[in-house]
Amino acid sequence: MRIAVLGGDGYCGWATALYLANKGHSVAIVDNFIRRQWDFELGAQTLTPIRPLSERLAVWYQLTGIPIELFVGDVADYDFLSSTIKTFQPDTVVHFAEQRSAPYSMIDRKHAVYTQTNNVVGTLNLLFAIRELQPDCHIVKLGTMGEYGTPNIDIEEGFLTIEHNGRKDTLPFPKQPGSFYHLSKVHDSHNIMFTCKAWGLRATDLNQGVVYGTVTDEVSMDEALINRFDYDEVFGTVLNRFCAQAAIGYPLTVYGKGGQTRGFLDLRDTVRCVELACLNPANSGEFRVFNQFTEQFSVLDLAETVQAVAGQMGLKVEIDHLPDPRVEAESHYYNAKHSKLADLGLQPHTLSDSLVDSLINIALRYRDRIDPSLFAPQVNWRSTQNQRRIGSEMSKQPLLVKNAI
């Protein structure tokens, strides 16, 4: 199968591209390296040292003899994207190429507008390019469980059958996104669903939970292939932050009561879920939704788990509760269904499988690179004038560098 991975230089995209190539698929990475530019803009680097993509691909080829094609450009540029689709002629496009941070989208007006423009326009460009050039291509789109919010009812997989005034229908599950980023994902889902209905496209929307871990079989082959480990308050995940804090004896910073509950999954399960979606494509005109996570945890659950495991490793760890900078319920009902990928054959890993080797030990290995100033929340959902470490300089930085290398 010919598979184009949009955003293949990023965290999920890189692991997915290597995994699919190692499984025998012809893979192309499409990226403009903007994720690397955001590190410079925010003054925050991944804990793990990431090599230039050209070097990563060269090492991969030396180790495996498996080529991965590279197309450098921006999916928000339709001429570039359509040319790439025409040249590579993918059977499947895996779409990771979006600004994926909720805090980044809430910094100020400029970052909110950029997030929605980049994400929504990029996805629209892909839909039009597929319709025009490769209409039978299956689109596997990374969505987010954050589209649903935290309703006081069970979350179904994409759709909900309701009865109203004596009539029954199956409708998209109500969306209650919690940031401009999550709103952009909702817009994507609506646009994809519409084009499947109107144009007969085929698409799978993977509403993914929070991904953790750095290890897959492929990235473990050589340090040059190592994946990102983001722990800062904008792009880092809460579990990464806790593990980095534990590695240097810094208190684990829990926002509010810590009752915020979400779905989580191992990076190894992310790549497997994408493969299952590729191998079992949607039908023409079908828009499918899979809830892509394996376990549910509250923030406090994670903090207490890290504290306990780190303690067993001889690390003294305390927990500190901070005022929550986000607009969210700090305790709530949360029960999301997630059976469709299991039905296709997913055999999930658990957090207990990964916490030491793929998280805490990685944090300890690179502990000299940890910058504690990145832990504190500085983006407040209620403010439109957030000032981060680089303050007013942020407004002077370009939000997008075309074809940067």
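Basis of the calculations
Residues numbered from 1 in each chain as written. Predicted model: local features only at pLDDT ≥ 70, side-chain atom pairs only at ≥ 80, totals over all residues. Heavy atoms only, no water. Helix = DSSP H or I, 4+ residues; strand = E, 2+ residues; numbered from the N terminus. Buried < 20%, exposed > 50% of the residue type's maximum accessible area, 1.4 Å probe, protein only. Contact = heavy atoms within 4.5 Å. Phe/Tyr/Trp six-rings, centres within 6.5 Å; stacked < 30°, edge-to-face > 60°. Lys NZ or Arg CZ within 6 Å of the ring centre and 35° of its normal. Axes fitted to C-alpha atoms, helices over the stretch in contact; angles between N-to-C directions. Parallel < 35°, antiparallel > 145°, perpendicular 65-115°, else oblique. Left-handed = near helix turned anticlockwise from the far one by under 90°. UniProt positions renumbered as here; feature names shortened; annotations may be inferred. Core = buried A, V, L, I, M, F, W, Y, C linked by side-chain atoms within 4.5 Å.

*Asks:* Teacher, can you tell me more about the side chain of T253 here?
*Replies:* Inspection of the secondary structure puts T253 in strand 10 (residues 252-255). Since its relative accessible area comes to 5%, T253 is described here as buried. Residue contacts for T253: discarding those within four places in its chain leaves R241, F242, Q245, D320 and L322.

*Asks:* Just checking my understanding: could you explain the packing of aromatic side chains for this structure?
*Replies:* Each aromatic ring pair is specified by the distance between its two centres and by the angle formed by the two planes. Per the stated rule, a full pass over the model turns up 11 aromatic pairs. Each ring, one from F264 and one from F297, has its centre 5.9 Å from the other, and the planes form 65°; the classification is edge-to-face. One end of the pair, F264, is in strand 11 (residues 261-266); the other, F297, is in strand 13 (residues 295-298), and 33 residues separate them in sequence. No difference in accessibility class separates F264 from F297, as the two residues are buried. Taken together, the ring pairs in this structure connect W38, Y104, Y114 and F235 into an aromatic cluster. Directly above the ring of W199 sits R131, whose terminal nitrogen or CZ lies 4.3 Å from the centroid.

*Asks:* Would you explain the packing of helix 4 (residues 78-88) against helix 6 (residues 109-133) in this entry?
*Replies:* Packed helices, taken two at a time, are described by their axes: the angle between them and the distance between them. Where helix 4 contacts helix 6, the axes come no closer than 9 Å and their chain directions differ by 40°. Between helix 4 and helix 6, the crossing angle belongs to the class labelled oblique. Regarding helix 4 and helix 6, the two cross each other, and that crossing is right-handed. Contacts between helix 4 and helix 6 involve Y78, L81, S82, I85 and K86 on the former and, on the latter, G122, N125, L126, F128, A129, I130, E132 and L133.

*Asks:* Explanation requested: the UniProt feature "domain: NAD-dependent epimerase/dehydratase" (unreviewed entry) in the chain in the structure shown.
*Replies:* Using the residue numbers shown here, the UniProt feature "domain: NAD-dependent epimerase/dehydratase" (unreviewed entry) corresponds to residues 3-291. Between the C-alpha atoms that bound residues 3-291 there is a distance of 22 Å. The span itself is 40% helix and 21% strand.

*Asks:* Explain the nonpolar core here, please?
*Replies:* Soluble globular proteins tend to pack their nonpolar side chains together in the buried interior. In this structure, L239, F242 and L355 are the most contacted members of the largest nonpolar core, which totals 48 residues. Looking at this core, the elements that each hand over two or more residues are helix 2 (34-42), helix 5 (102-105), helix 8 (238-247), strand 10, helix 10 (299-312) and helix 12 (351-365). Ranked by the residues each element gives to this core, the list is headed by helix 8, at 7 residues.

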